[in-house]
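Residue-level listing of the chains:
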Amino acid sequence: MAGNLGEEDQTQKAKEVQKEQQTEAETTDHPKSVPKEMKQLQHFRHPEHPLVFNEDRIYGKFCLGCYERILGPSYRCKECDGFRHHQSCAELPLGLLHHPLHPLHPLILIYERTDHLEPEGEKSNCEVCKERRWEYCYFCYRCNFKLHIKCGSLAPTTEATKVHHHPLTPYWKWMTFTCDLCGEEDKGMPYVCTSCGFGIHTRCANFPGRLKVVRHNHPLNLIHSLELHQSNSQFCQLCFLKVDTNYGLYYCSRCDFVAHLDCAMSWGNMEDINLLELKEEESVESKAMLENVDSKLDQSVDSEICEVIKTTVEEDGTETATEIKHFSHEHHLKLTDEVPNNKICDGCVRAILPPSFYSCVKSNCSFFLHISCTKLPKIKQHPLHQHPLTLTLTFRNYRALCYACDQYFNGLGYECDKCYIRFDVQCSLTSNTLTHACHEHPLYLSITDYKQKCSICDSEEYRVFRCTTCEFVLDFKCATLPQTAWNNQHEHPFTLCYAPEDDSNEYYCDICEEERDPKQWFYYCADCSFPAHSKCILGYRPNIK
């Protein structure tokens, strides 16, 4: 058994794996003429395919060795895209001799979840953090000693020039401390500066000095304190919560744009781009180009999306398309102002209301489109995603999941050709700032790594709209509820209401006859004094036709 290895055998094993790794490094160290991204290694946990080195790309994904974000040079398997590692985690030595925390015996690199490598009935925790975290660790087969790589693989000194101007040295003691960069109190072994007492987390020592986020045109630079800059910023422009100006932030001095460290590096905010090739002028130019595309397509009908068949000229000289051929339907559509009751747009799945809309020229074909839906741009940029989105159609018998509101939809929507992320029409029309009739202050798009509770429906989401004046939060589901809706059981349209209809303190739904929460929004027919739950009017899948 592995637990019965003698000291000499174990030492020999450690030497063998070190020699094996050295030989492997020599065979994979390509000449200078070979591109850096072609550098490969064979990993002990993934023997099926080689891992390919990429020095420049920043993924923002998670490393399978330490489960921290990848924010710099990395290795990944091109065959199995999810198998990614930090460069440092992929190139860990397979064996260690004379580790300062366990100098008597050699240590072998293992994956903690691979339980069969440990002696039966003697599963151990890390000797430093006293936890099992299912990550890579160094293990002594002789005495069942274990160290997580984050706890035991600190370099003697590190030149973390992006975060500090002096060399940093690991403090070999598990302790509670406050990081001088991120400001968070934590337990661990910090890196400290012996010259000035500066101390930070191991992960903070590896933060990138420069990165790019989806919602800003320029790259952001890592700064230690906003106090040194003439800035009026009080809120992170990504989550819209207050920033502590005494600790590290990402900052654009040209625009006074500030972001929390974790917000800027989160998967939903950080762009997956090659920063070494990024020029600020190109970034601005490409963003402006996309905004121009959106603007132009919003103002005119794209011939690939909608072909104008017939037009008429109004008295004021305005030309109106009276018959069109839209890509979403097989027949021509005609402009009409004869609005039927209880009809839903086949584009945005919202109620058809006066004054005008398009309907199918075939009398036996029930297909309708709002005028606004026929003018949706072919290509659109959205603050929740870094790539351009393309207008697509999801047929009635199918459904897609909206990335913003997490609800199923069909009809028209937008899709990323690279990531297959989709947005329904209503969510695609949102921007960084939302003005909503339910709240007196402007609301700002807030993206976090933790869930925020909606002030209306109490659901918890990562992507919400937040007020910086008060604590009001609105999720995408509530923010995009239709102002007017039909119900098949009622002859009049319903209007969305944000406050109870009276002060009786007794509120019921006239459809299901169950009690209503006065805090939650509801639909109301003023003609009949008829209140109803939102779900009773819209159904459980309001964006499906």
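Before going into details, it helps to say that this report is about the structure given with it.

Reading the values: rules and limits
Residues numbered from 1 in each chain as written. Predicted model: local features only at pLDDT ≥ 70, side-chain atom pairs only at ≥ 80, totals over all residues. Heavy atoms only, no water. Helix = DSSP H or I, 4+ residues; strand = E, 2+ residues; numbered from the N terminus. Buried < 20%, exposed > 50% of the residue type's maximum accessible area, 1.4 Å probe, protein only. Contact = heavy atoms within 4.5 Å. Areas by Shrake-Rupley, 256 points an atom, 1.4 Å probe, with all protein chains shown as cover. 1 Å grid on protein atoms, 1.4 Å probe; cavity = no way out; pocket = protein on both sides within 12 Å on 5 of 7 lines; lining within 4 Å. Points joined across faces, edges and corners; volume = space filled by probe spheres on them. Phe/Tyr/Trp six-rings, centres within 6.5 Å; stacked < 30°, edge-to-face > 60°. Pairing = 2+ DSSP bridges. Core = buried A, V, L, I, M, F, W, Y, C linked by side-chain atoms within 4.5 Å. Salt bridge = Lys/Arg side-chain N within 4 Å of Asp/Glu carboxyl O.

What about the overall build of the protein chain?
Within the protein chain one finds nine helices and 36 strands. For the protein chain, buried positions account for 47% of its 545 residues. In the protein chain, of all internal contacts separated by at least 6 residues, the share reaching a separation of at least 24 is 50%. By element, 48% of the accessible surface of the protein chain is carried by carbon and sulfur atoms, the whole surface being about 28100 Å².

What to know about empty space enclosed by the protein
For the structure on display, the rule yields one cavity of 30 Å³ or more. Considered as a void within the structure, the largest cavity measures approximately 40 Å³ in volume. Lining the largest cavity, in full, are Gly347, Cys348, Val349, Arg350, Phe409, Asn410, Leu412, Asp424, Val425, Gln426 and Asn543.

What to know about unusual backbone geometry
Looking along the chain, the bond that leaves Pro354 and enters Pro355 is cis, with omega of 10°. Along the chain, Pro355 falls in the loop between β20 (333-336) and β21 (357-360). Phi is positive for Asn144, which is not a glycine, with a value near 60°. In this structure, Asn144 sits in the loop between β7 (136-140) and β8 (145-148).

Re the side chain of Ser459
On the secondary structure map, Ser459 appears in the loop between β30 (443-453) and β31 (460-466). Relative accessible area serves as the criterion here: at 17%, Ser459 is assigned to the buried category.

A few points about the packing of aromatic side chains
Between two aromatic rings, the relevant description is the distance of the centres plus the angle of the planes. For the coordinates displayed, the defined rule picks out twelve aromatic pairs. Aromatic side chains Tyr111 and Tyr136 sit 5.9 Å apart centroid to centroid with 90° between the ring planes, which places their arrangement in the edge-to-face category. Separated by 25 residues along the polypeptide, Tyr111 in strand β6 (residues 107-111) and Tyr136 in strand β7 bring together distant segments of the chain. Just as Tyr111 is buried, Tyr136 falls in that class too. Taking 6.5 Å as the distance between ring centres and 65° as the angle between the ring planes, the aromatic pair formed by Trp267 and Tyr403 counts as edge-to-face. Within this pair, whereas Trp267 is found in the loop between α4 (261-265) and α5 (280-299), its partner Tyr403 is found in the loop between β25 (400-401) and β26 (408-409), the two being separated by 136 residues in sequence. The class for Tyr403 is buried, based on a relative accessible area of 16%.

Comments concerning the sheet that holds strand β29 (residues 433-434)
Taken together, four strands build an open sheet; the order of strands is β29-β30-β31-β32 and the sheet is antiparallel. Strands with a single pairing partner mark the edges of an open sheet, and in this sheet they are β29 and β32 (473-475). Bridge analysis of β29 against β30 gives two bridges, and the strand direction is antiparallel. Bridge assignment links Leu434 to a residue of β30, and that residue is Leu443.

A short note on the nonpolar core
The nonpolar side chains of soluble globular proteins are, as a tendency, buried together. By size, the foremost hydrophobic cluster in this structure holds 59 residues, and its most contacted members are Leu384, Phe465, Leu474, Phe476 and Trp521. Excluding its chain neighbours within four sequence positions, the residues that come into contact with Trp521 are His436, Cys438, Ile456, Leu474, Cys478, Leu481, Leu496, Cys497, Tyr498 and Ser534. In terms of nonpolar packing, the next biggest core, distinct from the first, is built from 36 residues, Cys182, Cys236, Tyr251 and Phe257 among them.

A short note on the pattern of salt bridges
Counted under the stated rule, the structure contains 15 salt bridges. The closest approach of N and O atoms between Asp449 and Arg69, which form a salt bridge, is 2.2 Å. Residue Asp449 is located in strand β30, and its partner Arg69 is located in the loop between β2 (46-54) and β3 (74-76); the two are separated by 380 residues in the primary sequence. Residue Lys477 pairs with Asp475 through a salt bridge whose shortest N-O separation is 3.5 Å. The partly exposed category is assigned to Lys477, whose relative accessible area is 23%.

Looking at the side chain of Asp346
Locating Asp346 in the fold gives a position in the loop between β20 and β21. By relative accessible area, Asp346 is classed as buried at 8%. Leave out the neighbours within four places in its chain, and Asp346 touches Ser366, Phe367, Phe368, Leu369, Arg396, Gly411, Leu412 and Lys545.

So, the pairing of β31
Among the seven residues of β31, five are classified as buried, and the element is accordingly described as predominantly covered. Two strands pair when backbone bridges link them, and β30 and β31 are joined in this way by six bridges, in the antiparallel orientation. Looking at β31, one finds that Tyr444 is bridged to Arg466. As consecutive antiparallel partners, β30 and β31 are separated by six residues, and within that stretch Asp458 has a phi angle of approximately 70°, a positive value. In this sheet, β32 lies alongside β31 in antiparallel orientation, the contact comprising three bridges. Following the sheet pairing, Phe465 is matched in β32 by Leu474. Between β31 and β32, which pair antiparallel one after the other, the connecting turn spans six residues.

A short note on the pairing of strand β23 (residues 379-382)
Relative to strand β24 (residues 385-394), β23 runs antiparallel, the two being bridged by three bridges. Across the sheet, residue His382 finds its bridge partner in β24, namely His385. The hairpin formed by β23 and β24 contains two residues between the paired strands.

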